[in-house]
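Each chain, letter by letter, is given below.
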Amino acid sequence: MIGGLFIYNHKGEVLISRVYRDDIGEAGLKAEQPIISRSVPKPVSCLKRNAVDAFRVNVIHARQQVRSPVTNIARTSFFHVKRSNIWLAAVTKQNVNATMVFEFLYKMCDVMSAYFGKISEENVKNNFVLIYELLDEILDFGYPQNSETGALKTFITQQGIKSQVPTKEEQSQITSQVTGQIGWRREGIKYRRNELFLDVLESVNLLMSPQGQVLSAHVSGRVVMKSYLSGMPECKFGMNDKIVIDKQGKGGGSEEAAKSGKQSIAIDDCTFHQCVRLSKFDSERSISFIPPDGDYELMRYRTTKDIILPFRVIPLVREVGRTKLEVKVVIKSNFKSSLLAQKIEVRIPTPLNTSGVQLICMKGKAKYKASENAIVWKIKRMAGMKESQISAEIELLPTNDKKKWARPPISMNFEVPFAPSGLKVRYLKVFEPKLNYSDHDVIKWVRYIGRSGIYETRC
Amino acid sequence: MCDFPFFSLVCTGEIFELKAELNSDKKEKKKEAVKKVIASMTVGKDVSALFPDVVNCMQTDNLELKKLVYLYLMNYAKSQPDMAIMAVNTFVKDCEDPNPLIRALAVRTMGCIRVDKITEYLCEPLRKCLKDEDPYVRKTAAVCVAKLHDINAQLVEDQGFLDTLKDLISDSNPMVVANAVAALSEIAESHPNSNLLDLNPQTINKLLTALNECTEWGQIFILDCLANYTPRDDRESQSICERVTPRLSHANSAVVLSAVKVLMKFMEMLPKDLDYYGTLLKKLAPPLVTLLSAEPELQYVALRNINLIVQRRPEILKHEMKVFFVKYNDPIYVKLEKLDIMIRLASQANIAQVLAELKEYATEVDVDFVRKAVRAIGRCAIKVEQSAERCVSTLLDLIQTKVNYVVQEAIVVIKDIFRKYPNKYESVIATLCENLDSLDEPEARAAMIWIVGEYAERIDNADELLESFLEGFHDESTQVQLQLLTAIVKLFLKKPTETQELVQQVLSLATQDSDNPDLRDRGYIYWRLLSTDPVAAKEVVLAEKPLISEETDLIEPTLLEELICHIGTLASVYHKPPSAFVEGSRGVQHKRLPGSAGSADSPDTGSAAGVSEAPPAVIPSQGDLLGDLLNLDLTPPTTSGPPPAPSSGMQMGAMDLLGGGLDSLVGLLHLGGDLGGSPAMGAGFGAPPTAMPASFPPPVSGGLDDLFDLGGSVGITDLVYVQIWLPAMKAKGLEISGTFARRAGVIQMEMTLTNKAMSIMTDFAIQFNRNSFGLAPAGPLQVLTPVGPNQSIEVALPLSTVGPVMKMEPLTNLQVAVKNNIDVFYFSSQYPISMLFVEDGKMERQVFLATWKDIPNDNEAQFQIKDCHLNSDAASSKLQGSNVFTIAKRTVEGQDMLYQSMKLTNGIWVLAELRVQAGNPNYTVSTVHVRYIGLTGLVSSDLLPHADRRAAA
């Protein structure tokens, strides 16, 4: 299992070091550089320092770009992730579950941000006691324990454990929650108004050939929920999943099947928050759960069939002699004309030897950004079923570089108020048998946002 | 003052300041002081001097302060063990605290203080905590057992914690179960042979129930543990799979991959025609694809694992090529891994798309990535024959870009394409030659030189080109020098007239001016070849080369199987077995997939391999013919002559001496007594067939062999005695190993043909030389499908005994010729004479008596067998298994006398008397009288002692 966990700043200074097992750092780990430390450490701490230093010297200060997130130095394995300027490294000498270690590191980041916001050197330094406390709780002898912030916050607070001694009931409630089946929600939550917000967030990815042929397209979506519900509500979530609709169609009237069949979507794969009963999904394909309180991600899914591509990019690049390039790009919006797309940005790469660019565009603003080697064309809003165009004349400096310009793809960013996969939320039912509020009393909000993921057209 | 008060601490002067603060009366000040101490500890400063002061702060009811002190203790207790004892009382007290959080904290921390003296005090509190009413305390205590085991394993066993831990598997709380499983798995790893994690259907059922309820981490522990279980049958394996598949939809990738591991492993046991098998295959693909939308680090781990999965089961992802296309902003490590998988999945159906992508990649910026992309194009050409032409033209396009490293990489792969498809694409050589000057990397230069040498007859100025390389011969790397030497020799053999000077120059450079032994040796070999026999030189140097195979980078099957059992772990990331990077006892156990029909090493061959080390052809010296007949190189105790010299060149002498006192019967009976206890057996079960060392045999193996060849014919045991008859080195990559056996009255030669060459082998045929008993193939060799590289095929060849007869020396020698599309190979082997004993060798009692008397004394031989541990009845029944029949038995003066008969295929009868002295199990002397009758002219008297000896066995 995980032998130790270190947090470094970008200079390679250790901010947090927690060693769970003695084996790390004992054998063979010698930093190539002398340990830079003003006081001379004693042998014991020196052993632990070896692992710390080995990682700094070989990874953080390495001359070349990091070639792998897993590094083996003298039979010791280092897993690292980076958050802005902060490096988190887990160390082990055993054959650990590598996926678990990375999942844990991400989780660790989530937990830390939930406690003190952005993970920065300053925040880590100011909260180091808290971090040690968290590490003690969520990683025991290198084995991850309950790491749901909801549960953790009941007994690890910024100031340490609540100063007033909790009552016996409270204590056992905390422990049963931390270890229990529903580790993500505490009992006795009360809201005056029961409310929930559902966001369907999709990012649509596309790679298109210059001729307009779709090389690959997929949507990766997330259903994010904010729940403010009292008690221990039992929820059931339904969407226009093809498998469910088809099944119902068989059982119910064929009319309904025909009606909804058109709108149903084929989901390639989905994954769920741990609150969802997976065995039930596997057998009945129904999504039922007791939600955590507040913000969380209910599910992720992926679709590849019948995707609505909100925009089509039509590029035209013509090389005029050795020193001039003519580029024309047309974008067409391909959705209901009543809807509005926002934050549209088209990025047209230019050769490295560009000396000047003249731009004409019908809509929005376009600018040549020499530092990014690209023309950036921004449009604030655009309705559906419209098209717009930009033309550019690019002047090139003559070079004797034999290598041809690689023509990177034209990429696009946008936001649309619908789900490009076609996913629709059919219902979200809430049952709370113990408290007297019914499904009708819950105020529900649903919102769809489609964003561009990697949306590229080759030219 | 700095922004971060805790991190601004400097050195010695402050220690005193801290000391004062620690001893302050004010709680807040104390707490701040401890925080400062911890902060300096973190950055590596030594604050161990403050130990007593910090420990003094421990007795507090402020939890935050308590936690900080505990943290300090964990760090420094080891360097100050005596001081650490001071803290024990508080720990013990805290373990009794009414607050479960404090109880758990105390037991957790105590486990982290790795001081022997403390562990003694830990036992009682730990025992209480393991039975605590609060699940939070129990789950913490479960992990604590693993901690304690790490410090003092014996203590954990003596205190009976392991049993308590096992009980926790049935706990009502899922998290307790998960932690108990994790702790037990870890402890079990350091006791490979203990039955600690006693996985049986009941416990498995409990685990599967807990799986639905525990945290994501707990699910991982349980799934990883499940993967170590081997279901009893396919039904059980299917039911487990059904209960594990829902985990594939979990948001945590580690849960998903661990579930994949369980499924991949248990799938091996499912019959392939089962509907469920197909369903399961289909279910595996989407979650694997979804892993690719995770964070890049997880993608990397997932891709390394997918690489293994597609090698084991290519059908799972064969339609998912597109998701492995590289994205512009993938991190480089993800890009490189994706490329690997693209090549693995490339097939005729998708090759056009793949090539288009690869061409895109070849224009990117990252040099390593571009190189790999170019190399990938070459590998596509070699893998998918239909695409070769397209690949070559793509590569030519890339060469036109004149980007230095692209050109070099392209030339290296074109060389490989030439080796796969000779005489097809040589038209491109001209283009390649244009780029000669830009090559500065050894590999590319070597490749180009190889091309020039290989096609010297088609390149007009080949001599000039090679000469230009020769100018800087000394500065080249060894790789290039060797290649240049060979290429010039090739050139000389092809165009001897113009290039004499050149070849002399290179030979003298290689032999006289170089201090590289490889180069010098190669130089001398060529020199001598050329000067003594140019025709032979031509045959050697210009010999037809084997084609290279498509998948040279596949992971070796046994390693792959092991890695599949480690999906999700570091081993799967490194593509190395855990023993390669884990120290100590952990991880040295080799995991294997459960056996199935398709598995390469069924228990049969696996075990047979272990005992395969008998000499393939030992020519016995005079007086040792007895041993020879038994296929044993054992010298009878009466012989005073030197041990036989092995003809195979293997070092068998030692074995002969050691085994000298043994006898087949001894071996047979002795091992019949305690089968499985011998080192040979033990080693045999785990080792892969090819990995057996050549000088393996311990003294007992002779006996073992014999037991197995006797046993093999009657099915007492399935173990057979396999020899390598034809090593791959001697037969251009073809390896033949096998055994002789008599099954249901038919003599069979059971062979395993293994192709260790790079190219496919077909058209197998077999023939025997004339031999003593007229053995001949009863039918053609049934190898219907071509044998691909690294494939092996098993054939059973039925033998008849009606072939031409010639007396062989030794008698049971058999000379065999095997032909395939590459060449004809010869080998000789010896068969156990017992396979010639026919089933109807039981003589009538009366006839036996009459015949026994009629046989002249000249036809009698006697031997002694020592160290036999079986009584006469057991011996008799064992021998009957080999068609040695007991006709009568009598007891004279405490000695059992057995009278036995056997008949050979050519009608010779052999009669034997076996005298067993009962009552002395450890040292029984048996005297055997053997008489024979019915000799026909074709078998000389040489046979007799042989037959007799066999009779003794």
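Up top is the structure.
Report follows, based on the coordinates. Computed from a predicted structure; not experimentally measured.

## Things to note about the overall build of chain A
The number of helices and strands found in chain A is 9 helices and 23 strands. Across the 459 residues in chain A, those meeting the buried criterion constitute 54%. Carbon together with sulfur atoms contributes 50% to the accessible area of chain A, which is approximately 21000 Å² in total.

## Topic: the sheet that holds strand β10 (residues 234-239) of chain A
Strand-to-strand pairing in sheets goes through backbone hydrogen bonds, with the strands running parallel or antiparallel. Residue and element names in this part refer to chain A. A sheet is described by the order of its strands in space; here 3 strands give the open sequence β12-β10-β22, paired in antiparallel fashion. Strands with a single pairing partner mark the edges of an open sheet, and in this sheet they are β12 (287-289) and β22 (425-431). Averaged over neighbouring strand pairs, the angle between their axes works out to 15° when direction is ignored.

## Section: the packing of helix α6 (residues 100-112) of chain B against helix α8 (residues 135-151) of chain B
Residues and elements named next belong to chain B. Relative orientation of the contacting elements α6 and α8 amounts to 10°, with a least axis distance of 8 Å. As summarised for this structure, α6 and α8 are arranged roughly parallel, according to the angle between their axes. Residues Pro100, Leu101, Arg103, Ala104, Val107, Arg108, Gly111 and Cys112 of α6 lie in contact with α8, whose contacting residues are Tyr136, Val137, Thr140, Ala141, Cys144, Lys147 and Ile151. Residues of the contact of α6 with α8, tallied by class, amount to 10 nonpolar, 2 polar and 3 charged.

## Quick notes on the interface of chain A and chain B
Counting residues at the interface gives 98 residues for chain A and 106 residues for chain B. In this assembly, chain A packs against chain B so that about 8900 Å² is buried in total across both faces, 57% of it on carbon and sulfur atoms. In this structure, A:Lys107 engages B:Glu216 in a salt bridge whose closest nitrogen and oxygen atoms are separated by 3.5 Å. Our count for the contact surface shared by chain A and chain B stands at 37 residue pairs in polar contact (both at pLDDT 80 or more). Top contributing element to the side of chain A that touches chain B by residue count: helix α2 (residues 98-116) of chain A, with 8 residues. Counted by class, the side of chain A that touches chain B contains 38 nonpolar, 31 polar and 29 charged residues.

## Some remarks on the pattern of salt bridges
All names here are of chain B. Across all of its chains, the model carries 60 salt bridges over all chains by this definition. Aspartate 94 is paired through a salt bridge with lysine 66; the nearest N and O atoms lie 3.0 Å apart. Separated by 28 residues along the polypeptide, aspartate 94 in helix α5 (residues 81-94) and lysine 66 in helix α4 (residues 63-76) bring together distant segments of the chain. Its relative accessible area of 6% is what places lysine 66 among the buried residues. Several salt bridges share partner residues, and in doing so they unite Glu268, Arg312, Arg313, Glu315 and Glu561 into one network.

## Some words on the packing of aromatic side chains
The geometry of two aromatic rings is summed up by the distance between their centres and the angle between their planes. All names here are of chain A. Within this structure, the stated rule accounts for 29 aromatic pairs over all chains. Measuring from centroid to centroid gives 5.9 Å for phenylalanine 311 and phenylalanine 335, while their planes differ by 80°, and the two rings are edge-to-face. Of this pair, phenylalanine 311 sits in strand β14 (residues 311-320) while phenylalanine 335 sits in the loop between β15 (324-333) and β16 (340-349), placing them 24 residues apart in sequence. Comparing phenylalanine 311 with phenylalanine 335 shows no difference in burial state: the two are buried.

## Things to note about the nonpolar core
Formed by 282 residues in total, the largest nonpolar core has its most connected members in A:Ile7, A:Phe79, B:Tyr72, B:Val260, B:Leu317 and B:Phe418. Apart from residues lying up to four places away in sequence, B:Leu317 is in contact with B:Ala285, B:Leu288, B:Val289, B:Ile306, B:Val310, B:Phe324 and B:Leu345. By size, the runner-up hydrophobic cluster in this structure holds 45 residues, among which are B:Val795, B:Leu797, B:Val818 and B:Leu914.

## What to know about the sheet that holds strand β1 (residues 4-8) of chain A
Residues and elements named next belong to chain A. Judged by pairing direction, the sheet is antiparallel, and its 5 strands sit side by side in the order β2-β1-β5-β4-β3 without closing on themselves. Every interior strand has two partners, whereas the edge strands, β2 (14-19) and β3 (70-73), have only one. Averaged over neighbouring strand pairs, the angle between their axes works out to 20° when direction is ignored. Examined bridge by bridge, β1 and β2 share 5 bridges and lie antiparallel to one another.

## Some words on the environment of B:Ile760
Residues and elements named next belong to chain B. Here isoleucine 760 lies in the loop between β3 (746-755) and β4 (765-768). Sequence-wise, isoleucine 760 and leucine 547 are 213 residues apart; in three dimensions their C-alpha atoms are separated by 8.7 Å. The contacts of isoleucine 760, once residues within four sequence positions are left out, are Asn755, Pro786, Val787, Gly788, Pro789 and Asn821.

## Some remarks on the side chain of A:Asn9
Residue and element names in this part refer to chain A. Looking at the element boundaries, asparagine 9 is found in the loop between β1 and β2. Asparagine 9 gets classed as buried once you look at its relative accessible area, which sits at 0%. Within the local environment of asparagine 9, its side chain forms a polar contact with the backbone nitrogen of glutamate 13, the two atoms lying 2.8 Å apart. Apart from the residues within four sequence positions on either side, asparagine 9 is in contact with Leu15, Ile60, Asn85, Ile86, Trp87 and Glu121.

What counts as what
Residues numbered from 1 in each chain as written. Chains lettered and ligands numbered in written order. Predicted model: local features only at pLDDT ≥ 70, side-chain atom pairs only at ≥ 80, totals over all residues. Heavy atoms only, no water. Helix = DSSP H or I, 4+ residues; strand = E, 2+ residues; numbered from the N terminus. Buried < 20%, exposed > 50% of the residue type's maximum accessible area, 1.4 Å probe, protein only. Areas by Shrake-Rupley, 256 points an atom, 1.4 Å probe, with all protein chains shown as cover. Pairing = 2+ DSSP bridges. Axes fitted to C-alpha atoms, helices over the stretch in contact; angles between N-to-C directions. Parallel < 35°, antiparallel > 145°, perpendicular 65-115°, else oblique. Contact = heavy atoms within 4.5 Å. Nonpolar A, V, L, I, M, F, W, Y, C, P; charged D, E, K, R; others polar. Buried area = accessible area lost by both parts, 1.4 Å probe. Salt bridge = Lys/Arg side-chain N within 4 Å of Asp/Glu carboxyl O. Polar contact = N/O pair within 3.5 Å; in protein donor to acceptor, adjacent residues only side chain to side chain. Phe/Tyr/Trp six-rings, centres within 6.5 Å; stacked < 30°, edge-to-face > 60°. Core = buried A, V, L, I, M, F, W, Y, C linked by side-chain atoms within 4.5 Å.

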